[in-house]
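Listed here are the chains, written in short residue letters.
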Amino acid sequence: MDLFFHFGWAGSLIILAGCFLSALPYRDRDGEKYSLFNHFISELGEVGVSERARVFNTGMVLGGLLFLPFIASIGWTLSGLWAVLGTAAGIVAAGASVFVGIYSMERLEPHRKAAMTFFRAGLLTIILFTVAVFL
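In this text the structure is predicted, and so the values were computed from the model without any measurement.

Chemist: Which parts of the structure should I look at to understand the nonpolar core?
Modeler: One broad trend across soluble globular proteins is that nonpolar side chains are buried collectively. Residues Ile15, Cys19, Tyr26, Leu44, Phe56, Met60 and Val100 are the most contacted members of the largest nonpolar core, which totals 13 residues. If you list the elements that add at least two residues to this core, you get α1 (5-23), α2 (53-78), α3 (81-102) and α4 (108-134). Of the residues forming this core, the biggest block, three residues, is contributed by α2. Setting aside chain neighbours within four positions, we find methionine 60 in contact with Ile15, Ser97, Val98, Val100, Gly101 and Phe118.

Chemist: Explain the environment of alanine 10 here, please?
Modeler: Tracing the chain through its elements places alanine 10 in helix α1. Sequence separation between alanine 10 and leucine 66 is 56 residues; the distance between their C-alpha atoms is 7.0 Å.

Chemist: Just to check I follow, could you spell out α4 for this structure?
Modeler: Count 3.6 residues to each turn of an α-helix, and residues three or four apart come out pointing the same way. Its 27 residues give α4 an end-to-end C-alpha distance of 39 Å, which sits within 8% of 39 Å, the value for a rise of 1.5 Å per residue. Restricting attention to buried positions, one finds in α4 the residues His111, Ala114, Ala115, Ala121, Thr125, Leu128, Phe129 and Ala132. Buried residues along α4 sit against α2 and α3.

Chemist: Looking at this structure, I do not really get the packing of α2 against α4. What am I missing?
Modeler: Helix-helix packing: each pair is described by the crossing angle between the helix axes and the interaxial distance. The contact between α2 and α4 brings their axes to 12 Å, and the two run at 20°. Overall, the two elements α2 and α4 adopt an arrangement that is roughly parallel. Crossing geometry of α2 relative to α4 is assigned as left-handed. Taken together, the residues of α4 that come into contact with α2 (itself represented by Met60, Ile71, Ile74, Gly75 and Leu78) are Phe118, Thr125, Phe129, Ala132 and Val133. The residue makeup of the contact of α2 with α4, split by class, is eight nonpolar, two polar and no charged.

Chemist: Can you walk me through the environment of leucine 85 in this structure?
Modeler: Here leucine 85 is to be found in helix α3. Separated by 44 residues in sequence, leucine 85 and phenylalanine 129 place their C-alpha atoms 8.2 Å apart.

Chemist: Explanation requested: the packing of α2 against α3 in the structure shown.
Modeler: Relative orientation of the contacting elements α2 and α3 amounts to 175°, with a least axis distance of 7 Å. Regarding the angle of α2 to α3, the classification is roughly antiparallel. On α3, the residues touching Asn57, Met60, Val61, Gly64, Leu65, Phe67, Leu68, Ile71, Ala72, Gly75 and Leu78 of α2 are Ala83, Thr87, Gly90, Ile91, Ala94, Ser97, Val98, Val100, Gly101 and Ile102. Considering only residue class, the contact of α2 with α3 consists of 14 nonpolar, seven polar and no charged.

Chemist: I keep staring at the pattern of salt bridges and nothing clicks. Help me out?
Modeler: Note on pairing: side chains with opposite charge can pair once their charged atoms come close. Applying the stated criterion across every chain yields a total of two salt bridges. Glutamate 46 is paired through a salt bridge with arginine 29; the nearest N and O atoms lie 3.4 Å apart. One end of the pair, glutamate 46, is in the loop between α1 and α2; the other, arginine 29, is in the loop between α1 and α2, with 17 residues separating them in the sequence. Under the relative-accessibility criterion, glutamate 46 is labelled buried at 9%. According to the relative accessible area criterion, arginine 29 is exposed, its value standing at 66%. Among the ionic pairs, arginine 112 bridges to glutamate 109, the shortest N-O distance being 2.7 Å.

Chemist: Where do I start with the environment of lysine 113 in this structure?
Modeler: By the secondary structure assignment, lysine 113 is in helix α4. Judged by its relative accessible area of 48%, lysine 113 is partly exposed. Between the C-alpha atom of lysine 113 and that of glycine 18, which follows or precedes it by 95 residues, the distance is 21 Å.

Cut-off values and rules
Residues numbered from 1 in each chain as written. Predicted model: local features only at pLDDT ≥ 70, side-chain atom pairs only at ≥ 80, totals over all residues. Heavy atoms only, no water. Core = buried A, V, L, I, M, F, W, Y, C linked by side-chain atoms within 4.5 Å. Buried < 20%, exposed > 50% of the residue type's maximum accessible area, 1.4 Å probe, protein only. Helix = DSSP H or I, 4+ residues; strand = E, 2+ residues; numbered from the N terminus. Contact = heavy atoms within 4.5 Å. Expected span 1.5 Å × (residues − 1). Axes fitted to C-alpha atoms, helices over the stretch in contact; angles between N-to-C directions. Parallel < 35°, antiparallel > 145°, perpendicular 65-115°, else oblique. Left-handed = near helix turned anticlockwise from the far one by under 90°. Nonpolar A, V, L, I, M, F, W, Y, C, P; charged D, E, K, R; others polar. Salt bridge = Lys/Arg side-chain N within 4 Å of Asp/Glu carboxyl O.

Here it is in structure tokens:
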């Protein structure tokens, strides 16, 4: 089980690298540089606008896939109902990350559903695993 934490690190670093590498050359339709204050993170993956959209989207897909064994190992290690619920939410969040990369922002409706699922299920995962740890 000790091996699986590497999947969590790798998934996180791949998503982070995809964001940074996409943000550096990013210019929106008006020529403005990327800013967390003026842009959604998903805009980094918008095909036709973001120069490195493919980098961002690939990072989301690979990162989500790497989160799957990591999340499963956390649930296995913690055990109990709260861990099972956290694992289920985590698998949904990891899957949603993959779909954020597949349905980039120019396909707004499926992208919005994937992104909201990713954020909400991710938060739920954190909450449920935190309860599992304390119990």
